[in-house]
Amino acid sequence: MATIYQTTKLGEAHVLVALVQQRAEADLLVHRTSSRGMAAGEARWFLTRDKQAADTWVCFTSPGFAHVKICFVDNDGEAGWQKPSRYKGRFR
């Protein structure tokens, strides 16, 4: 389950993430879920304000500094990795 906390501090983030608009630029297509129970796998994220409840802490940054580029998608069926990445397995 991918429970994600967004931090504003680069140093405390587990993964630096860039938000891109074009799906073709994204490493990972992410579907935001409305409940923790629906956040199955790495591409279905439940965003929490409680950092202790999160599995992964991310900091949004520019594409040049990012470890992973993501694009949010509305359709759950589209979510998933689009490109090889050494960060596969970090969003669980």
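Here the residue index of a chain counts from 1 through its sequence in written order. In view of the model being predicted, local features appear only for residues whose pLDDT reaches at least 70, and side-chain atom pairs are presented and counted only at 80 or more, with totals across whole chains, interfaces and linings using the full set of residues. By convention in this description, side-chain values take in all heavy atoms of the structure and omit both hydrogens and water.

Some points on the overall build of the chain
Helix numbers and strand numbers start at the N terminus; a helix is a DSSP run of H or I with at least 4 residues, a strand a run of E with at least 2. Per the secondary structure count, the chain includes zero helices and seven strands. The globule rule used here is 2.2 Å times the number of residues to the 0.38 power, and the radius of gyration it is set against is calculated over C-alpha atoms. For the chain, whose C-alpha radius of gyration is 12 Å, the value lies close to the compact-globule estimate of 12 Å for 92 residues. Expressed along its principal axes, the backbone C-alpha trace of the chain runs to roughly 35 × 30 × 20 Å. Put simply, 79% of the contacts in the chain that link residues at least 6 apart link residues at least 24 apart. Accessible surface area values rest on a Shrake-Rupley calculation with a 1.4 Å probe, where residue burial reflects the displayed protein chains alone. Carbon together with sulfur atoms contributes 47% to the accessible area of the chain, which is approximately 5300 Å² in total. Computing the positive centroid from 13 side-chain charges and the negative centroid from 9, the chain places the two 4 Å apart. Between two residues, a contact is recorded if the distance between any of their heavy atoms is within 4.5 Å. Charge assignment in this entry is limited to Lys and Arg as positive and Asp and Glu as negative, and neither His nor the chain termini are counted. Every charge is mapped onto a representative atom, which is NZ of Lys, CZ of Arg, CG of Asp or CD of Glu.

Brief notes about the nonpolar core
Buried together is how nonpolar side chains tend to be arranged in soluble globular proteins. The set of buried Ala, Val, Leu, Ile, Met, Phe, Trp, Tyr and Cys residues whose side-chain atoms join them within 4.5 Å is what this entry labels a nonpolar core. Relative accessibility decides the category of a residue: with a 1.4 Å probe and only protein chains considered, values under 20% of the type maximum give buried, values over 50% give exposed, and everything between is partly exposed. If you look at the biggest cluster of nonpolar residues, it comprises 19 residues, and the most contacted ones within it are Val15, Leu28, Trp45, Val68, Ile70 and Phe91. Secondary structure elements with two or more residues in this core: strand S1 (2-6), strand S2 (15-19), strand S3 (28-32) and strand S6 (68-72). When sequence neighbours within four positions are dropped, the list of residues in contact with Trp45 reads Ala2, Ile4, Leu28, Val30, His31, Arg32, Thr33, Ala39, Ile70, Phe72 and Phe91.

Quick notes on the pairing of S3
Burial of S3 is extensive: four of the five residues sit out of reach of the surface. A pair of strands is considered paired only if DSSP assigns at least 2 bridges between the two. Note that S3 and S6 share three bridges and pair parallel. Its bridge partner being in S6, Leu29 is matched across the sheet by Cys71. Judged from the two bridges that link them, S3 and strand S7 (residues 80-81) form a sheet pairing that is antiparallel. Each bridged residue has a counterpart across the sheet, and for Leu29 the counterpart in S7 is Gly80. Relative to strand S4 (residues 44-48), S3 runs parallel, the two sharing two bridges. Counted as the bridge partner of His31 is Arg44 from S4.

A few points about the pattern of salt bridges
The term salt bridge refers to a side-chain nitrogen of Lys or Arg lying within 4 Å of a carboxyl oxygen of Asp or Glu. Scanning all chains against the criterion turns up three salt bridges. With its nearest N and O atoms 2.5 Å apart, the salt bridge here joins Arg44 to Asp76. You can see Arg44 sitting in strand S4 and its partner Asp76 sitting in the loop between S6 and S7, a full 32 residues away along the chain. Judged by relative accessible area, Arg44 falls into the partly exposed class, the value being 21%.

Quick notes on the side chain of His31
Considering the arrangement of structural elements, one finds His31 in strand S3. On the accessibility criterion, His31 (14% relative accessible area) is buried. Apart from the residues lying within four places of it in its own chain, the contact partners of His31 are Ala43, Arg44, Trp45, Val73, Asp74, Asn75, Asp76 and Ala79.

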